[in-house]
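Coordinates in review
Okay, here's what each chain looks like letter by letter:
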Amino acid sequence: MPRRTRDDWTAVALAALAEGGLAAVAVEPLAARAGATKGSVYWHFPTRDALVEATLARWELEHTEAVIAHAEQGATPPERLRRLIGAVLHPERGIDIEMALHASLGDPLVAAAVARVGQRRMDYVVTLFTELGFTKTQARRRAVTAYAVYLGQAQLHRTNPDVAPSTPAAKRAYMADVMGVLLADPGPPRPAEADG
């Protein structure tokens, strides 16, 4: 049996997190799940917290930085936004991990990672809306709306999967509706909305 790497263990931990929440990221069950010894885990991670931190770093890389890199392949701001929204509205893209982490915000390691990731995501989406010509205030509001759509979609997929669009045509129509809402003309800025 080949020796497991840090990446192997964080992959096992992410899968366990998606299925059983943060409590499932425990050394003994992970070792049993992987058919290995606890010593193999401890070879790479001196403590459970070290394993959790590395797992959270992997989640951040795969579910935020990689998604942003995917969006950045778009040639124009609307195309980048479309690529971003298209990537995050698919339930197979880590929604169970996202919901498990949000359910574990009482853990300081999780709370710090979720806050950092949330800020990174918001900053990126604000930048996209600014590039689309929205004021800073409008861009921030649109980014909040976009993030709320994502988290709401994740929650619906988990609690009411029948509500989410399931056919390719329904998914395309839903995507078009989301883009329509996010890109709707906001009208003239109100005095209270003046930027900086």
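Procedures and definitions
- Residues numbered from 1 in each chain as written.
- Predicted model: local features only at pLDDT ≥ 70, side-chain atom pairs only at ≥ 80, totals over all residues.
- Heavy atoms only, no water.
- Phe/Tyr/Trp six-rings, centres within 6.5 Å; stacked < 30°, edge-to-face > 60°.
- Buried < 20%, exposed > 50% of the residue type's maximum accessible area, 1.4 Å probe, protein only.
- Lys NZ or Arg CZ within 6 Å of the ring centre and 35° of its normal.
- Helix = DSSP H or I, 4+ residues; strand = E, 2+ residues; numbered from the N terminus.
- Polar contact = N/O pair within 3.5 Å; in protein donor to acceptor, adjacent residues only side chain to side chain.
- Contact = heavy atoms within 4.5 Å.
- Expected span 1.5 Å × (residues − 1).
- Arc of directions from axis to C-beta.

Here the focus is the packing of aromatic side chains. Summed over all chains, the structure comprises two aromatic pairs. Arranged with centres 5.7 Å apart and planes meeting at 75 degrees, the rings of Phe129 and Phe134 form a pair that is edge-to-face. Residue Phe129 shares its accessibility class with Phe134, and that shared class is buried. The lysine or arginine in question, Arg3, covers the ring of Trp43, its NZ or CZ lying 4.2 Å from the ring centre.

Our next topic: the side chain of Thr55. Residue position: Thr55 is located in helix α4 (residues 48–71). A polar contact of 2.8 Å, which involves the side chain of Thr55, links it to the backbone oxygen of Leu51. Here Thr55 is in contact with Thr10, Ala13 and Leu14, once residues within four sequence places are set aside.

The subject of this paragraph is helix α9 (residues 168–183). The end-to-end C-alpha distance of α9, which contains 16 residues, comes to 22 Å, matching closely the 22 Å that a straight helix rising 1.5 Å per residue would cover. When α9 is considered as a whole, its buried residues turn out to be Met175, Val178, Met179 and Leu182. Mapping the buried residues of α9 onto a view down its axis gives an arc of 95 degrees, with all of them on the same face. Of the exposed residues in α9, the ones pointing more than 90 degrees away from its buried face are Asp177 and Val181. Buried residues along α9 sit in contact with α5 (77–88), α7 (108–131) and α8 (136–159).

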